[in-house]
Amino acid sequence: MKQKGGGLTMVDVTIRGAGIFGLACAWACAKRGASVRVVDPHGVGAGSSGGIVGALAPHVPENWNEKKAFQFESLRMAEPFWAEVANVGGGDPGYARTGRLQPVADEAALGLAQARAISAADLWQGFAEWTLERGAQGWAPASPTGWVIRDTLTARLHPRNACEALARAVVALGGQIEAEAPDEGHVLWATGWRGLEALSEALARPVGNGVKGQAVLLRHDARNAPQLFVDGLHIVPHADGTVAIGSTSEREFSDPSSVDAQCDALLTRAREALPLLRDAEVLERWAGVRPRARSRAPMLGQHPVHEGAFIANGGFKIGFGMTPAVAEVMADLMLDGNDRIPVGFRVEASL
Ligand SMILES: Cc1cc2nc3c(=O)[nH]c(=O)nc-3n(C[C@H](O)[C@H](O)[C@H](O)COP(=O)(O)OP(=O)(O)OC[C@H]3O[C@@H](n4cnc5c(N)ncnc54)[C@H](O)[C@@H]3O)c2cc1C
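Residues numbered from 1 in each chain as written. Predicted model: local features only at pLDDT ≥ 70, side-chain atom pairs only at ≥ 80, totals over all residues. Heavy atoms only, no water.

As for the overall build of the protein
Across its full length, the protein holds 7 helices and 18 strands. Across its three principal axes, the protein shows a C-alpha extent of roughly 70 × 45 × 40 Å. Looking at the protein residue by residue over its 351 residues, the buried ones come to 54%. For the protein, contacts bridging at least 24 residues in sequence account for 76% of all contacts bridging at least 6. Total accessible area on the protein stands at roughly 14,700 Å², and carbon and sulfur atoms take up 49% of it. In the protein, 34 positive and 39 negative side-chain charges are present, and the distance between their average locations comes to 1 Å. (Helix = DSSP H or I, 4+ residues; strand = E, 2+ residues; numbered from the N terminus. Buried < 20%, exposed > 50% of the residue type's maximum accessible area, 1.4 Å probe, protein only. Contact = heavy atoms within 4.5 Å. Areas by Shrake-Rupley, 256 points an atom, 1.4 Å probe, with all protein chains shown as cover. Lys, Arg positive; Asp, Glu negative; His and termini not counted. Charge placed at Lys NZ, Arg CZ, Asp CG, Glu CD.)

Comments concerning the packing of aromatic side chains
In total, this model carries 6 aromatic pairs according to the counting rule given. With 6.3 Å between their ring centres and 85° between their planes, phenylalanine 72 and phenylalanine 127 make a pair best called edge-to-face. Highlighted residues: phenylalanine 72 in helix α2 (residues 66-89) and phenylalanine 127 in the loop between α3 (107-123) and β7 (130-134), separated in sequence by 55 residues. For phenylalanine 127, a relative accessible area of 27% translates into the label partly exposed. Ring geometry for tryptophan 124 and tryptophan 130: centres 6.1 Å apart, planes at 65°, overall edge-to-face. Accessibility expressed as a relative area gives 0% for tryptophan 124, which makes it buried. (Phe/Tyr/Trp six-rings, centres within 6.5 Å; stacked < 30°, edge-to-face > 60°.)

Okay, structure coming up:
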């Protein structure tokens, strides 16, 4: 870092937004030797990244396209990515590839699941499997056919802790995290749904919006068990003896952080789906707002309003799963001018 007059330091990269996208991009840049500064008036993990669910769940292994391939690559990168973050910064992101179980509703779903088992063998390149099992008991979803799908690609992390762990790792590499600071060097905007709203306003057309989600955290120790996907719910055991239940999906909302009866309904459904959770104590109810670009895919590349700046936004429902690959392509673009961003993830896809 170069010293400026008055004791301030010059940085190579300024990142606005200390959510998972901003922090991960800062980390990727810092690892390449850049001096980085993350600026967020609300602090680390103050937006949708500061939550409790943390399912890193793959797309179904069929109808492959560049978006699914990018996400697969990112899920494959996750284990070494988070291990290095933990190692360098000393924080624990709570990552583990514990897999996932899903019930099979009927004969048609069974046929589909069998076809997906075959395509996964090819598309997942031997890295992970999609298999069918019968007679799963205990920590398993009730299944009308008796069959459950197990995949070994799904992983979990602890969102809030992952943000803290990344922040620590960035600082360990000499990076700074500040509430206020001027733009210096390359500038990246990773400001979540508020950023998408500001963009829509500046461009006078909708390019993205916030989608609120509510989730519940229970005390129940199933730390090494697979997560469950049942009736649209993610039931995610964490390493600290908690289980997260996610999430609602609300396009209309007046308060971004309030919880209400929809959160209770989530809990009721989870307890019906997995009676083991019936008496589990509620530790937290949490709400956040997901950044959804108009394309529904991440929005990466040159910033369409701030000249010379970059944008990393639109993580929507799978931001954590996309994080390692997003960080790498953004560092490639900003530091090396190497543009590897898939067409569907470009800013233009939402304009
Ligand atoms: C209930 C719920 C459950 C979810 N579950 C999952 C899941 O299981 N798996 C998954 O992968 N994803 C999940 N997501 C989605 C995931 O949380 C998001 O995709 C991800 O957090 C987006 O990260 P981000 O860094 O882009 O945005 P954010 O985390 O919102 O960060 C944006 C940051 O920008 C800051 N900011 C805003 N304006 C400015 C400004 N002008 N200057 C500087 N800083 C600014 C904010 O303070 C904030 O800290 C869930 C989301 C919710 C709400």
